[in-house]
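Summary of structural features
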Amino acid sequence: MHANGTIFIADNDLKTRDLVSAFLTYQGYNITHTEISASFFDTLPKNSADIIIADLAYLHSILPDFSERAASTNPLLVLIGYGSRNSKQAANETSENVFTLPKPLNLDELESLVMRAREYQSMKMLDNTADDGGQYQILTASMIGKSRPMKELFEMITKVAESTATVLVQGESGTGKELAARAIHQLSGRNSRNFVPVNCAAIPDDLLESELFGHVKGSFTGAYANRAGRFEMADKGTLFLDEIGDMKANLQVKLLRVLQNREFEPVGASKSQKVDVRIIAATNKNLEELVISKDFREDLYYRLSVIPITIPPLRDRGEDIPLLINAFLTRFNSDKRHAVKGFSRETLEVLCNYEWPGNVRELENLVERLVILKDSGFITPDDLPEKYLSGRQSVLIPAAGTLLENQLPEVGICLNSAVEEFENRLILQALARTGGNKKEAALLLNLKRTTLIEKLKKKNLAFGEE
Ligand SMILES: Nc1ncnc2c1ncn2[C@@H]1O[C@H](COP(=O)(O)OP(=O)(O)OP(=O)(O)O)[C@@H](O)[C@H]1O
Ligand SMILES: [Mg+2]
């Protein structure tokens, strides 16, 4: 399990190096030992957002190259050492990605520093996704996405906008069907005219006809004056017929007529009226199935789906998740005057693996809720509602150190690895406290020195020379 990324350790003090490396290995990092040399930075993989841990003594030999590199990628430098106040201050003032830790090393401090460093990186990663040019923004509709299916969708929308052909937008609930319809209108030559939405499912059946086509005074009880319908309001603009799958059979016939002749009759009128509207319909129902079950007219279906567009569910375009999170975070932070800095990498991982049955709307609501509840700092998995975490498996065993204080977590635990982790932590802490002296560490743990050495071997923790 090396899920957490790579850490490069450059330290002449072998005991510290081994301790740091053993400790971080057990935290799931991939550790590479390296030496500080002129070509050091050339040996690091390009574009890696990794962590370099070095002795504070190297400060001045590392900094120039590091700063240059940090400008384009986002490596982090953690310096550990006995250095004077001055050198620490110099390091801290150099760049926002340089951190320092005093010796003798405190493992809890190291852990929280590495956590902070990674949070800083995930924030940077989000910043980068936001302006890497891969983002595609459609005018005022602010529809964003960078995954392949979304890029294809954006191309389709841009093309479709040029014509006046009827469009049928399909997709699960919350995928952005209305947003797509608005984008088509915005990009079309009709954008100075009205975009008129009608939710066919929300208007009672007996009112929908008059709502769509208008009525003349006295045509029914309550019709006190002539009233224009949505078709008329959308003249020379776009009419958005939302939830079209819920339209009743008698209105389906009337709608078909408008689509064929571009004319309609207001309720109670004797004359028909001409209109020039572009129609976009949307539904989260499967219209083809409704046609088969005879709940939707086949002829109307073909008239509507001249250009069919399907918006993929969010779970099929994971790449868009961090991008959307970042956009929503910026918006809600500014709406609510909050200063949530970002989502920790672990939290992003959890959210990228979630199924998102409510799609983008669910994600948007979650980010809003998190920003309201947390007005600053980073969002961590602990901030997420339970249902987002239930898909997590034993990889996310809570740190054994916290296990003592906490109850058994809801999701359960893998006892063997928790016990092992607990043991490793205590051993490493003992070694840290004794500056790597195994004899003293063994005393602290009430073990024989040879037993401790055996354990280290078994655990594959190379620790100093024997
Ligand atoms: N690609 C996107 N970029 C930014 N915001 C999006 C995107 N897709 C959807 N949203 C946001 O998600 C929410 C839901 O979008 P929308 O109302 O268009 O979905 P819908 O498919 O019409 O949903 P429903 O089926 O429930 O009517 C809106 O607040 C919208 O702004
Ligand atoms: Mg909708």
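Structure shown above.
All of the points below concern the structure found in this document.

Cut-off values and rules
- Residues numbered from 1 in each chain as written.
- Chains lettered and ligands numbered in written order.
- Predicted model: local features only at pLDDT ≥ 70, side-chain atom pairs only at ≥ 80, totals over all residues.
- Heavy atoms only, no water.
- Helix = DSSP H or I, 4+ residues; strand = E, 2+ residues; numbered from the N terminus.
- Buried < 20%, exposed > 50% of the residue type's maximum accessible area, 1.4 Å probe, protein only.
- Contact = heavy atoms within 4.5 Å.
- Areas by Shrake-Rupley, 256 points an atom, 1.4 Å probe, with all protein chains shown as cover.
- Pairing = 2+ DSSP bridges.
- Axes fitted to C-alpha atoms, helices over the stretch in contact; angles between N-to-C directions.
- Parallel < 35°, antiparallel > 145°, perpendicular 65-115°, else oblique.
- Left-handed = near helix turned anticlockwise from the far one by under 90°.
- Near = heavy atom within 4 Å.
- Polar contact = N/O pair within 3.5 Å; in protein donor to acceptor, adjacent residues only side chain to side chain.
- Phe/Tyr/Trp six-rings, centres within 6.5 Å; stacked < 30°, edge-to-face > 60°.

Another point: the overall build of the chain. If you tally the helices and strands in the chain, you get 20 helices and 16 strands. When the 466 residues of the chain are sorted by exposure, 47% land in the buried category. Contacts in the chain between residues far apart in sequence, at least 24 positions, make up 68% of those at least 6 positions apart. When the accessible surface of the chain is split by element, carbon and sulfur atoms take 49% of a total near 23700 Å².

Overall, parallel pairing links the five strands, which are arranged 2-1-3-4-5 in an open sheet. If you trace the sheet from one side to the other, it starts and ends with strand 2 (30-33) and strand 5 (98-102), each paired once. When strand polarity is set aside, the average angle formed by the axes of neighbouring strands in this sheet is 20°. Pairing between strand 1 (residues 6-10) and strand 3 (residues 51-55): four bridges, direction parallel. Looking at strand 3, one finds that Ala10 is bridged to Ala54.

A few words now on the packing of helix 13 (residues 320-336) against helix 14 (residues 345-352). As a packed pair, helix 13 and helix 14 sit with axes 10 Å apart at the nearest point and diverge in direction by 120°. As judged from the angle between their axes, helix 13 and helix 14 are oblique. Both helix 13 and helix 14 take part in a crossing whose hand is right-handed. Contacts between helix 13 and helix 14 involve Ile321, Pro322 and Ile325 from the former and Leu348, Leu351 and Cys352 from the latter.

Taken together, the neighbourhood of ligand 1 is formed by 19 residues, with Ile144, Gly174, Lys177, Arg361 and Glu364 sitting nearest. Within the backbone of Gly176, a nitrogen or oxygen atom sits 3.1 Å from an oxygen atom of ligand 1. Taking Arg361, its side chain carries an N or O atom lying 2.7 Å from an oxygen atom of ligand 1. Here ligand 1 has 630 Å² of accessible area as a free molecule, and 85% of this is covered by the chains. Sorting the residues of the shell around ligand 1 by element identifies strand 7 (143-145), helix 7 (177-187), helix 13 and helix 15 (359-373) as the ones contributing at least two each.

In this structure, Ser210 sits in helix 8 (residues 205-213). Residues within four places of Ser210 in sequence aside, it is in contact with His215, Phe220, Arg227, Gly229 and Val267.

What follows deals with the sheet that holds strand 13 (residues 278-283). Pairing in this open sheet of five strands is parallel, and the strands run 9-10-13-8-14 from one edge to the other. Of all strands in the sheet, those bounded by a partner on one side alone are strand 9 (195-199) and strand 14 (307-311). Between one strand axis and the next, the sheet turns by 20° as a mean value, whatever way the strands run. As paired elements, strand 9 and strand 10 (residues 238-242) share five bridges and run parallel to each other. Opposite Val198, over in strand 10, you have Leu241 as the bridge partner.

Using the criterion set out here, one finds eight aromatic pairs in the structure. Ring plane angle 35° and centroid distance 5.8 Å describe the contact between Phe231 and Phe264, whose orientation is recorded as tilted. Here the residue Phe231 occupies a position in helix 9 (residues 230-233), and Phe264 occupies one in strand 11 (residues 263-264), the gap between them amounting to 33 residues. Through pairs of rings, three or more aromatic residues link up here, namely Phe213, Phe231 and Phe264.

All right, on to unusual backbone geometry then. Its identity as a non-glycine residue notwithstanding, Lys236 has a phi of 70°, on the positive side. Residue Lys236 is classed as partly exposed on the basis of its relative accessible area, which comes to 40%. Phi angles above zero are rare outside glycine, and Trp356 is one such case at about 50°. Within the element layout of this structure, Trp356 appears in the loop between helix 14 and helix 15. A relative accessible area of 0% places Trp356 in the buried class.

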